[in-house]
Amino acid sequence: RPGAPCLPQPKHWPYKTHAEWRSDLGERIVATATGVVSKQECGDWYMYGDMTWCLNALRTTHKSEQPGGGVIGISYGIEQRDTWSEKMSNMYKIPTRLYDCY
């Protein structure tokens, strides 16, 4: 769902050493997952199950599809059917790549 992720503070540092690159990478990941785009900037959200995406991120100025627009959907860790990739392909004509971790 839209909004900031709920990430509890760890009780202790989980690594034996404190590497600055590791902290920087973690901060970049949290910033990416948190997002700063408003509903107005997105032109609304599309919610499907536990997935949410910004509609304007998938629209061009001319159409609601991006055929051959250099955009691909990347889906990770699917255990069974990949409905997210199906939605991206059917709704926006975006080619998808599946990286199955299971």
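Check the entry above for the structure.
Residues numbered from 1 in each chain as written. Predicted model: local features only at pLDDT ≥ 70, side-chain atom pairs only at ≥ 80, totals over all residues. Heavy atoms only, no water.

1. Re the overall build of the protein
- Looking only at helices and strands, the protein features 3 helices and 4 strands.
- Counting from the amino terminus, helix and strand elements in the protein follow one another as α-α-β-β-β-α-β.
- Out of the 102 residues in the protein, the part that is buried amounts to 17%.
- In the structure as shown, the protein presents an accessible area of about 8200 Å², 55% of it carried by carbon and sulfur atoms. (Helix = DSSP H or I, 4+ residues; strand = E, 2+ residues; numbered from the N terminus. Buried < 20%, exposed > 50% of the residue type's maximum accessible area, 1.4 Å probe, protein only. Areas by Shrake-Rupley, 256 points an atom, 1.4 Å probe, with all protein chains shown as cover.)

2. Quick notes on the state of the cysteines
- Inspection of the entire model under this criterion finds 1 disulfide.
- Shown here is the disulfide that connects Cys 42 with Cys 54, its sulfur atoms set 2.1 Å apart. Linking Cys 42 and Cys 54, the disulfide has an S-S dihedral of approximately -125° and is accordingly described as left-handed. Residue Cys 42 is found in helix H2 (residues 39-42), and its partner Cys 54 is found in strand S2 (residues 51-54); the two are separated by 12 residues along the sequence.
- Look at Cys 42 and you get buried, because its relative accessible area is 0%. (Disulfide = S-S within 2.5 Å.)

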